[in-house]
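Now for the letters of each chain:
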Amino acid sequence: RYNSDGDLWEVVQGHTTQANWKPSLNTLSLWKKVQAEHAGTKEDPIPFEQGMSIEAGKYYSQFGVTYKAIQNANAVVYDLKDIPAIVEPVDNFNL
C-alpha cells in the first residue's frame, strides 16, 4: 500500500516504481484506490471514489445513496449509478 496525495492505493500489478507511474486514475492497471477505515457493511458502507475496486457482498456509498455490490470489479472509473450490473441501490431508509 502507498499513500499518494492524501489517498491510499494498493498495487494490483507488480512493477518497478517510476515517476510517471504514480498512483492515479491514469495508472489503474498498476494501482487501485482503497478505503481501509470502513467495514463495507450496510451500517458502515465504503465511500466510493473512482479508481476503487468493488468486492461482491460489500456495501458502498456515493452521492448519498448506498449500494450493494453484486459482482467484483477492478479499478472502476464510473459512478455507481452507471453500473447496475455490478452494484444495486439499497433502501437507505432501512439503514
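A quick note: this is a predicted structure, and the numbers were derived from the prediction, not measured.

Novice: Explanation requested: the layout of surface pockets in the structure shown.
Specialist: A water-sized probe rolled over the atoms picks out the places where empty space is left. Here the largest pocket defines a volume of roughly 240 Å³. Taken together, 15 residues line the largest pocket, and the ones lying closest to its centre are Val34, Gln35, Ile46, Glu55 and Lys58.

Novice: How should I be thinking about the nonpolar core in this particular structure?
Specialist: Looking at soluble globular proteins, one finds that nonpolar side chains tend to be buried together. Membership of the largest hydrophobic core comes to 13 residues, with the highest contact counts inside it found for Phe48, Ile54, Tyr60, Leu80, Ile83 and Val87. For Ile54, the contacting residues outside a window of four places in its chain are Phe48, Tyr60, Ala69, Gln71, Asn72, Ala73, Val76, Leu80, Ile83, Ile86 and Val87. With 5 residues, the next largest nonpolar core counts Trp9, Leu28, Leu30 and Ala75 among its residues.

Novice: Could you clarify how one ought to interpret unusual backbone geometry in this entry?
Specialist: Note: most residues except glycine have negative phi, and most peptide bonds are trans. Even without being glycine, Phe63 reaches a positive phi, approximately 55 degrees. Looking at the secondary structure, you find Phe63 in the loop between strand S5 (59-62) and strand S6 (65-69). Its identity is not glycine, yet Ala75 carries a phi of approximately 45 degrees, on the positive side. In this fold, Ala75 is placed in the loop between S6 and strand S7 (87-89). Residue classification places Ala75 among the buried positions, given a relative accessible area of 17%.

How each quantity is defined
- Residues numbered from 1 in each chain as written.
- Predicted model: local features only at pLDDT ≥ 70, side-chain atom pairs only at ≥ 80, totals over all residues.
- Heavy atoms only, no water.
- 1 Å grid on protein atoms, 1.4 Å probe; cavity = no way out; pocket = protein on both sides within 12 Å on 5 of 7 lines; lining within 4 Å.
- Points joined across faces, edges and corners; volume = space filled by probe spheres on them.
- Core = buried A, V, L, I, M, F, W, Y, C linked by side-chain atoms within 4.5 Å.
- Buried < 20%, exposed > 50% of the residue type's maximum accessible area, 1.4 Å probe, protein only.
- Contact = heavy atoms within 4.5 Å.
- Helix = DSSP H or I, 4+ residues; strand = E, 2+ residues; numbered from the N terminus.

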